[in-house]
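Below are the chains, spelled out letter by letter.
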Amino acid sequence: MNAGRPTPLWPGRPRPLPGETFSSWFSRTAWSNGLTPAELYGVATSGAQIHSRDLDRLAERSLLIRLSAATGISADILADAMVTRWAGHLYDAEERHIRLPWLPSVGTERTRPSFGQQFCPLCLAEDPVPYFRLGWRLYFVTACRRHRVHLCDRCPGCGEPIQPLKTIRTRTDLECHKCGSKLMAAPAAPAEDFFTQARLLTATGQDEIDLPGYGPIRQPLFFELVLRLLRLVAGGSFARALRAQLAESADDLSQFADIPIRADPYQFEPRQRHLLIALAARMLDDWPLRFHATCKAADVSRWQLERTSRSPMTLLKKDCHDGKHQPNIAMISPN
Ligand SMILES: [Zn+2]
Ligand SMILES: [Zn+2]
């Protein structure tokens, strides 16, 4: 770099907005300096290509330090705007996940579309400078509490996943990089019942989560448990029967009529996910009694469940064997 001389500040140095993602700030910084995000990435890394990198996950410390020197914004503030702030909380930090639980990538993942960046069109429409929020990256956040609408996770025009570093930014709009549709013009569907979303958001701030009927469990384990329960109602051979057992009425069940059975829970749209996560979370009540009762009523035997590699029961058993939790007697109740 400058051999001892301080890095000159760039002319455009926008401050991160409240709750803004790192990549959204990076994009605004690029445009405010007359560059595209890909060009700014090349400048900041001495010529590296950005390709489709998910900078909210993969920006390296050296890049943050370089950006900090050129903008005067602390590298720690920039790091806190990345999804990796949840390492050790939503997922075990030492595990090398290809896909982070509850934090799918933006753009593509294993060659499939990945809808990791959601947005509320009404929030964007109200923003003096529209920007992406970090909270919209959490896969269990499916609705905007402020506007009581479901989030959107794809372009309203062409259905492409949102990629903040490719999204075209005008003075007041964000537009799809493929078809030019305005994101804030996306239809906003009304949402209700924020209980499960609020419960999971609260859990992101707790080291241990009290599982009623079971006791406290470590935060990453809680989120893995909820993900496994979601997988059970989302796809696989037990999903339809479990949905029927967990629904509280025929009307309740009818909401699921148009929600397909899918093995990959990361392909559901926000409204579908909203309903499925709430349904899965019902099995957390009086853990594991309601879970066992639901499985039994749905004709899913303990033996069948244990054969699935992502069984919720296996997860908690492993934790017990690791000595991290002493089970109470209810844990061992037979199916
Ligand atoms: Zn909103
Ligand atoms: Zn589009």
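Because the structure is predicted, anything quoted here is derived from the model rather than measured.

1. What about the coordination of the zinc ion (ligand 1)?
The zinc ion (ligand 1) binds to the protein through Cys-120 (SG), Cys-123 (SG), Cys-144 (SG) and His-147 (ND1); the donor distances cover 2.1 to 2.3 Å. All donors to the zinc ion (ligand 1) come from one chain, and their sequence spacing reads C-x2-C-x20-C-x2-H. Here His-147 lies in the loop between β3 (143-144) and β4 (149-150) and Cys-123 lies in helix α6 (residues 121-126), a separation of 24 residues in the sequence. His-147 sits in the buried class, given a relative accessible area of 18%.

2. Some details on the domain arrangement of the protein
What the domain assignment lists for the protein is domain 1 (22-86), domain 2 (106-185) and domain 3 (195-332). On a C-alpha basis, the centroid separation for the pair domain 2 and domain 3 is 28 Å. Counting residues at the interface gives 16 residues for domain 2, matched by 17 residues for domain 3. Here domain 2 packs against domain 3, burying approximately 1400 Å² in sum over the two surfaces, 59% of which is carbon and sulfur. Of all residues in domain 2, Tyr-139, Phe-140 and Thr-142 give up the largest surface area on contact with domain 3, accounting jointly for 46% of the area buried on that side. Counting every contact that joins domain 2 to domain 3 gives 2 salt bridges. No other element matches strand β2 (residues 112-115), which puts 3 residues into the side of domain 2 that touches domain 3. Looking at side-chain class alone, the side of domain 2 that touches domain 3 contains 9 nonpolar, 3 polar and 4 charged residues.

3. Side note on the pairing of strand β1 (residues 106-109)
The pairing of β1 with β2 spans 4 bridges and is antiparallel. Counted as the bridge partner of Glu-109 is Arg-112 from β2. In this structure, the hairpin formed by β1 and β2 is closed by a connection of 2 residues, where Arg-110 is found at a positive phi of approximately 50°.

4. Describing the nonpolar core
Ranked by size, the top nonpolar core spans 68 residues in total, and within it Trp-102 and Phe-222 carry the most contacts. It is helix α8 (residues 219-234) that contributes the most residues to this core, 11 residues altogether. Looking at which domains feed residues into this core, each of domain 2 (106-185) and domain 3 (195-332) supplies at least three. With near-sequence residues (within four places) excluded, Phe-222 lies in contact with Leu-200, Ala-203, Ile-209, Leu-211, Ile-217 and Leu-284. Counting residues in each nonpolar core, the second largest holds 21 residues, with Leu-40, Ile-50, Ala-59 and Leu-78 among its members.

5. With respect to the packing of helix α2 (residues 37-44) against helix α4 (residues 61-71)
Between α2 and α4, whose axes approach to 10 Å, the crossing angle comes to 95°. As summarised for this structure, α2 and α4 are arranged roughly perpendicular, according to the angle between their axes. Listed contacts from α4 to Tyr-41, Val-43 and Ala-44 of α2 are Leu-63, Arg-66 and Leu-67. Residue composition of the contact of α2 with α4, by class: 5 nonpolar, no polar and 1 charged.

6. So, the packing of helix α1 (residues 22-32) against α4
It is the contact of α1 with α4, at a shortest axis distance of 13 Å, that shows an interaxial angle of 45°. Between α1 and α4, the angle falls in the class oblique. By crossing handedness, the relation of α1 to α4 is classed as left-handed. Of the residues in α4, those in contact with Phe-22, Trp-25, Phe-26 and Thr-29 of α1 are Leu-63, Leu-64, Leu-67 and Thr-71.

7. A few points about the environment of Ser-181
As for its placement among the helices and strands, Ser-181 is situated in the loop between β6 (174-175) and α7 (195-203). Residues Ser-181 and Cys-155 lie 26 residues apart in sequence; the distance between their C-alpha atoms is 7.1 Å. Once you skip the residues sitting within four places of it in the chain, Ser-181 turns out to touch Cys-155, Pro-156, Gly-157, Leu-174, Glu-175 and Cys-176.

8. Here we look at the confidence of the model for the protein
Parts of the model with low pLDDT should not have their predicted coordinates read in detail. Across the protein, the average pLDDT comes to 90, with 93% of residues at or above 70. The low-confidence segment residues 323-335 (pLDDT under 50) makes 32 contacts with residues lying over four places distant or belonging to another chain.

9. Section: the packing of aromatic side chains
Counting across every chain of the model gives 7 aromatic pairs. Measuring from ring centre to ring centre gives 5.5 Å for Trp-102 and Phe-140, while their planes differ by 75°; the resulting arrangement is edge-to-face. Here Phe-140 lies in the loop between α6 and β3 and Trp-102 lies in the loop between α5 (75-79) and β1, a separation of 38 residues in the sequence. Judged by relative accessible area, Trp-102 falls into the buried class, the value being 0%. With a centroid separation of 5.6 Å and 15° between ring planes, the pair formed by Phe-140 and Phe-223 is classed as stacked. On the criterion of sequence distance, the pair formed by Phe-140 in the loop between α6 and β3 and Phe-223 in helix α8 is long-range, its members being 83 residues apart. Members of the aromatic cluster, joined through ring pairs, are Trp-102, Phe-140, Phe-222 and Phe-223. Lying over the aromatic face of Tyr-131, Arg-133 brings its terminal NZ or CZ to 3.9 Å of the ring centre. One cation-aromatic arrangement involves Arg-273 over Tyr-139; the distance from NZ or CZ to the ring centre is 3.7 Å.

Cut-offs and rules
Residues numbered from 1 in each chain as written. Chains lettered and ligands numbered in written order. Predicted model: local features only at pLDDT ≥ 70, side-chain atom pairs only at ≥ 80, totals over all residues. Heavy atoms only, no water. Donors = N, O, S within 2.8 Å, 3.2 Å for Na, K, Ca; no water. Helix = DSSP H or I, 4+ residues; strand = E, 2+ residues; numbered from the N terminus. Buried < 20%, exposed > 50% of the residue type's maximum accessible area, 1.4 Å probe, protein only. Domains from an automatic or database assignment. Contact = heavy atoms within 4.5 Å. Buried area = accessible area lost by both parts, 1.4 Å probe. Salt bridge = Lys/Arg side-chain N within 4 Å of Asp/Glu carboxyl O. Nonpolar A, V, L, I, M, F, W, Y, C, P; charged D, E, K, R; others polar. Pairing = 2+ DSSP bridges. Core = buried A, V, L, I, M, F, W, Y, C linked by side-chain atoms within 4.5 Å. Axes fitted to C-alpha atoms, helices over the stretch in contact; angles between N-to-C directions. Parallel < 35°, antiparallel > 145°, perpendicular 65-115°, else oblique. Left-handed = near helix turned anticlockwise from the far one by under 90°. pLDDT = per-residue confidence, 0-100. Phe/Tyr/Trp six-rings, centres within 6.5 Å; stacked < 30°, edge-to-face > 60°. Lys NZ or Arg CZ within 6 Å of the ring centre and 35° of its normal.

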